[in-house]
Amino acid sequence: MSLTIKKIEEKALRLPINQRALLVENLIKSLDTEEDTNAEELWLKEAERRYKEYKKGNIKTRPADLVFKDTHSKLK
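Every chain begins its residue count from 1, and numbering advances along the sequence as written. With pLDDT at 70 or above as the cut-off, local features in this predicted model cover only qualifying residues; side-chain atom pairs require 80 or more to be listed or tallied, and sums for whole chains, interfaces and linings still use all residues. To obtain the side-chain values, all non-hydrogen atoms of the structure were used and water was disregarded.

## Considerations on the overall build of the protein
For step 1, the next point in the chain: A helix here means a DSSP run of H or I that spans at least four residues, while a strand means a run of E at least two residues long, and both kinds are numbered starting from the N terminus. Scanning the protein from terminus to terminus reveals four helices and zero strands.
For step 2, the next point in the chain: Starting at the N terminus, the α and β elements of the protein follow one another as α-α-α-α.
For step 3, the next point in the chain: Relative to the globule expectation of 11 Å for 76 residues, the C-alpha radius of gyration of the protein, 16 Å, shows a markedly less compact shape.
For step 4, the next point in the chain: Dimensions of the protein, computed from C-alpha atoms along their principal axes, come out at roughly 45 × 35 × 25 Å. What the globule rule says is 2.2 Å times the number of residues to the power 0.38, and the radius of gyration is computed from C-alpha atoms.

## Examining the pattern of salt bridges
For step 1, the next point in the chain: Between Lys or Arg on one side and Asp or Glu on the other, a salt bridge is scored when a side-chain nitrogen of the former is within 4 Å of a carboxyl oxygen of the latter. A full pass over the atoms with the stated rule returns seven salt bridges.
For step 2, the next point in the chain: A salt bridge links D70 to R62; its shortest N-O distance comes to 2.2 Å.
For step 3, the next point in the chain: When salt bridges that share partners are traced, they join E46, R49 and R50 into one network.

Structure follows, in structure tokens:
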């Protein structure tokens, strides 16, 4: 990892969580070079389906901090 990227990462990690989320969203959007007009609609339907299953108690959940901790350790 270059020094510049490391400095950007350090600064980004000091941002409030809502600003980090917005930054991530914008970075991911910048990687999406193909226009998929149905993607957002499909993701919305999937999110609604998952939420309904969650409310019914049909899926197991984990605290977000554990999910992020596990993910971070796997990416190192």
